[in-house]
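# Structure at a glance
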Amino acid sequence: MAEPCPGLALRFQRRFLAARPLRSLPWPELEQSLRTAPDSALLADILHKTILHPLCVKYPPSAKYRRCFLTELIKKLESTAAEPLDELYEALADVLKEEEESTHCYKNYLLPSGDCVSLCESTALISGGTTGLLTWEAALHLAQWALQNPSLFRGRTILELGSGVGFTGIAICKSCQPRTFIFSDCHPLVLSQLRENLQLNGLSLEPDRTWSPQTESQGQEGEGQSCQTPKVIVAELNWGSVTEKQLLPLRADVVIAADVVYDPEIIVALIEMLQKLSTSRADRKAPEVFIASTIRNPATYQLFQAELDKAGIRWQVIPAHSSCNFLFDVQPDVTILQLFV
């Protein structure tokens, strides 16, 4: 029987592989489809596009997530007159046999190009004293916006502040053809996980592709590789201590950051870092700067804008796009600012 709701299984697939909150999956549409045509073929299709998909088999979401997902699918099946689906119960049995929960899991984000970004992330919001070991909402929105504006990144050198586990940068490297992409962070655990995720996505670092203020001469020598295979650098950057001279070898054309405006204590350091970057190119040309933020606390975000004004940095809001290939459950409280440093 034809699928009653074309595209429904693919919507489940995209959200499930990225381990989006289970409540955001299209359960109501599934219930409606099963009421219209109680056929287990639709559930089998969803199962094969999610739990049994090769990406899930190789890089699975957490066992808890998969267990809850399968339990909900079984509830939907049992609420209809559809034929039992043995492989659905077998899949749940396999998950239940797994060892105790790991502190890490995988998330797989399907890009519009058909490519994928697979990441190993922490299952906890805070791990090892940092929040940088998982992908935050603003990173998804910034990547979505970047993929809609590839000409801004094509053939250019991009510096990302606070790269975390690397989603935004990896998506840009795979879809926007930058000449050089510089991932940066300051936390050792985050930098270690970032390097692992780069390798996971075929963006392996050469031994001399790790930058730090102590080895800045190793930064960008020559013109980098072709746009099809961007030169990838990981930089250990402490916004407060790095100097303009140390930043010179990076020569960024574009600076991006996501979810870095969440704590009043780091806002001043961020703005000082942007000011250093504005004068750290040999040609004295300031980079283009784009900051994506999830507005959790309006007072903190207003403080950021006030500090920008105080520093003489002009800013404007980038209009939101109506759809999001990574999320589907678009969050209205994510804003992207363009800064003129």
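Predicted, not measured: the structure shown is a model, and the values here were computed from it.

## Remarks on the nonpolar core
The biggest cluster of nonpolar side chains holds 39 residues, and the ones touching the most others in it are F153 and I256. A total of eight residues in this core trace back to one element, the largest contributor, which is helix α7 (residues 137-148). Beyond its immediate stretch of four places on either side in the chain, F153 contacts W145, A146, I158, I172, C176, Q177, P178, R179, V254 and I256. Membership of the second largest hydrophobic core comes to 34 residues, among which are L17, Y65, L73 and I74.

## Some details on the environment of L77
Locating L77 in the fold gives a position in helix α5 (residues 63-78). Distance from L77 to L43, taken between C-alpha atoms, is 7.5 Å for residues 34 residues apart in sequence.

## Some words on the environment of A18
Along the chain, A18 turns up in the loop between α1 (8-17) and α2 (27-36). The buried category is assigned to A18, whose relative accessible area is 2%. Expressed as a C-alpha distance, the spacing of A18 and K107, which sit 89 residues apart in the sequence, is 4.6 Å. With sequence-adjacent residues up to four places away left out, A18 is seen in contact with K107, N108 and Y109.

## Structural notes on α5
Look at α5: 22 Å from first C-alpha to last across 16 residues, which is about the 22 Å you get at 1.5 Å a residue. Those residues of α5 that sit buried are A63, Y65, R66, F69, L70, L73, I74, K76 and L77. Buried residues of α5, viewed axially, fall in a sector of 165°; they line one side. Across α5 from its buried face, at more than 90 degrees, point the exposed residues K64, K75 and E78. Structurally, α5 contributes buried residues whose contacts are with α1, α2, α3 (40-49), α4 (54-58) and α6 (86-96).

## Some points on the confidence of the model for the protein
Here the protein averages 86 in pLDDT, and 84% of its residues register 70 or above. Note that residues 126-132 has pLDDT below 50 and, in this model, 15 contacts with residues that lie over four places away or in other chains. Considering only residues more than four positions removed or in separate chains, one finds that residues 217-226, a stretch of pLDDT under 50, has 22 contacts.

What counts as what
- For every chain, the first residue of the written sequence is number 1, and numbering continues from 1 onward in sequence order.
- Thresholds applied to this predicted model are a pLDDT of at least 70 for local features of residues and 80 or more for the giving and counting of side-chain atom pairs; totals over whole chains, interfaces and linings are not thresholded and use all residues.
- In computing side-chain properties, one takes all heavy atoms of the structure into account and sets aside hydrogens as well as water.
- Buried Ala, Val, Leu, Ile, Met, Phe, Trp, Tyr and Cys residues form a nonpolar core when they are joined through side-chain atoms within 4.5 Å.
- Categorising residues by exposure relies on relative accessible area from a 1.4 Å probe, with only protein chains included: less than 20% of the type maximum marks a residue as buried, more than 50% marks it as exposed, and the intermediate range marks it as partly exposed.
- Segments assigned H or I by DSSP are reported as helices when at least four residues long, segments assigned E as strands when at least two residues long, and all are numbered from the N terminus.
- Contacts are residue-level and defined by heavy atoms, with any inter-residue pair within 4.5 Å sufficient.
- Each residue after the first adds 1.5 Å to the expected span of a helix.
- Summarising the geometry, the arc corresponds to the directions from the helix axis toward the C-beta atoms.
- On a range of 0 to 100, pLDDT expresses the predictor's confidence in each residue.

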